[in-house]
Amino acid sequence: MDDRVFQPKTDETAVQVFGPQEVVGLQFDALWICGLQSGRLPQRPQLLPFLPRRLQRELGLLDSDSVALEASAIALLDSLRATHGDVSASYASVQEGLEVLPSPLAHAIAPISPLSEEQVPSHWPGSLSLESLEEGNVPVGGANVQWGGGASVVSNQSNCPFRAWISHRLGPANVATPVFGLTPAERGNIVHDALRFIWETLKDSTSLRGLNEGEIEVLVSGSTERAVQALERREQRRYRNIRKRVGSACLDLEIERVTTLLESWLAVEVHRDGDFHVVEQEDSHELTLGALTLNLRPDRIDRLDDGREIVIDYKTGSVKRSSWLGERPSDAQLPLYALLNDSVEGVAFGRVHQEGVEYVFLGEALGLGGKELALEDQVKRYESEPVASWEALRATWRHRLEGLANDFVRGHAAIDPQPNACRYCALGSVCRYSQNAELPEETLLNLEEGAL
Ligand code: SF4
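All values derive from a computational prediction rather than experimental measurement.

Caption draft 1: Examining the nonpolar core more closely. Within the largest apolar cluster, 46 residues are counted, with the highest numbers of intra-cluster contacts made by Val154, Val311, Val347, Ala348 and Leu401. The element contributing the most residues to this core is helix α12 (residues 390-409), with six residues. Not counting residues up to four positions away in its chain, the partners in contact with Ala348 are Ile310, Ile312, Tyr359, Val360, Phe361 and Leu368. Ile198, Leu202, Leu219 and Val220 belong to the second-largest nonpolar core, a separate cluster that totals 21 residues.

Right, dumping it as structure tokens:
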């Protein structure tokens, strides 16, 4: 090994080529820094994948800390400028067909003249003046702006005002993570559509209870096949071929899986107490909360024999009653649906999952299975004040949700996440909340777990 020459010694010539660190301590009449484009100096931070971010920060590992990387880059440039006579820099303006900007530190070498009109890439928006945020509020422009959206506007505002502002005001496009086979959203759509087709046929509990096992099987498998065909048609309209992407065997397996799942689900429906009619499925409703108008589409509304209605939302993941309650409910969808009309006297998640099928609900004597508790007992673990009646709960929801809607409209965009809000949020690189050095240990651990 001692014989191997790693960097051959060259003769002293008028022009010498060095790496950025190697030139420190040497002295030249003139220095030219090549490749000073953005992303090179300062370098982009690179976390070590097997060490928690918190530990990397505590140990002061340079590559994990964008602030330290920038300080080190500035120190390097300062030292080069102090040591060498004449310092110039250049950068590649196009790389692999993409336009590239100079490093933000390039102004330390020479003032950068603004790009001419011809140099400005066509996809750049026009120049905007910077806005300063006071106490996390973003100026909203005209007072008469009518903001709108779905239930997720209020849910996001409740989970983290900054997330709502980025998602619904700036509206960045989602970059989908590629997966093998069907995505969770596609699987969820198949379940939702199959259930919709089933209830379009059945319409009420009497028809369901009149079917024998074989007839249920035919209905469920036929509806699931229709749901998969509907998904294929939707994808074709976007010029995508889902059968080609995932393969026919994958779709056949999904039909088998969903058919078994929905047969178990219909067993839950059969054993509900009392009769019910499915009066709506995915109909559009408008709900105005303060200055916010929301478009809502409940999965399903059932009418009981006594005229009361239940709003049902199917979920193919985990569900918790606590997500509707408290000052900042993490899932505002069903509380919003409860405000649609005065006949609604119950809300329920229909959990349709291999690990268990069940109704998780709020409301009295709905006949949805499980232990029948008084409303007060259903909510007392999650509410600081007792809630005596359904009317009182709706009034509380209206007050809270209007508050959140008004916060959104007035531009309240503070980075203030609920304890688990960051776990499934894709905006961590925008808010950089987890880099906040003042966060308590417990929060950092939560964030790191969420990132895994
Ligand atoms: S990562 Fe957390 S703090 Fe950042 S926007 Fe998302 S929820 Fe808010």
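Caption draft 2: Quick peek at the site of the ligand. All residues in the neighbourhood of the ligand are listed as Cys160, Phe162, Arg163, Ile415, Pro417, Ala421, Cys422, Cys425, Leu427, Gly428, Cys431 and Tyr433. For the shell around the ligand, the per-class residue count stands at ten nonpolar, one polar and one charged.

Caption draft 3: Examining the environment of Leu31 more closely. Residue placement: Leu31 occurs in strand β1 (residues 30-33). Taking the C-beta count within 10 Å as the criterion, Leu31 has 20 such neighbours and is therefore assigned buried. Taking the C-alpha atoms as reference, Leu31 lies 6.3 Å from Ser88; in sequence the two are 57 residues apart.

Caption draft 4: Representation of the pairing of strand β10 (residues 309-315) within the structure. Note: strand β9 (residues 300-304) against β10, four bridges, orientation antiparallel. The partner of Arg303 across the bridge, within β10, is Glu309. Hairpin connection from β9 to β10: four residues lie between these consecutive antiparallel strands, with Gly307 at a positive phi of about 95 degrees. Where β10 meets strand β11 (residues 344-353), seven bridges bridge the pair, whose relative direction is parallel. Looking at the pairing, Lys315 lines up with Arg351 of β11.

Caption draft 5: Geometry of helix α3 (residues 151-159). Along α3, eight of the nine residues are buried, which leaves the element largely enclosed by surrounding structure. Of the residues making up α3, those classed as buried are Ala151, Val153, Val154, Ser155, Asn156, Gln157, Ser158 and Asn159.

Caption draft 6: Geometry of the environment of Ala267. You can see Ala267 is positioned in helix α9 (residues 248-270). In this structure, the C-alpha to C-alpha distance between Ala267 and Arg209, residues 58 residues apart in sequence, is 9.7 Å.

Caption draft 7: Local environment of the packing of α3 against α12. Viewed as axis vectors pointing N to C, α3 and α12 meet at an angle of 85 degrees, and their least axial separation amounts to 9 Å. As summarised for this structure, α3 and α12 are arranged roughly perpendicular, according to the angle between their axes. Between α3 and α12, the contacting residues are Val153, Val154, Gln157 and Ser158 on the first element and Leu401, Leu404, Ala405, Asp407 and Phe408 on the second.

Cut-offs used in this document
- Residues numbered from 1 in each chain as written.
- Predicted model: local features only at pLDDT ≥ 70, side-chain atom pairs only at ≥ 80, totals over all residues.
- Core = buried A, V, L, I, M, F, W, Y, C linked by C-beta atoms within 7 Å.
- Buried ≥ 20, exposed ≤ 12 C-beta atoms within 10 Å, placed from the backbone.
- Helix = DSSP H or I, 4+ residues; strand = E, 2+ residues; numbered from the N terminus.
- Contact = placed C-beta atoms within 7 Å.
- Near = placed C-beta within 6 Å.
- Nonpolar A, V, L, I, M, F, W, Y, C, P; charged D, E, K, R; others polar.
- Pairing = 2+ DSSP bridges.
- Axes fitted to C-alpha atoms, helices over the stretch in contact; angles between N-to-C directions.
- Parallel < 35°, antiparallel > 145°, perpendicular 65-115°, else oblique.

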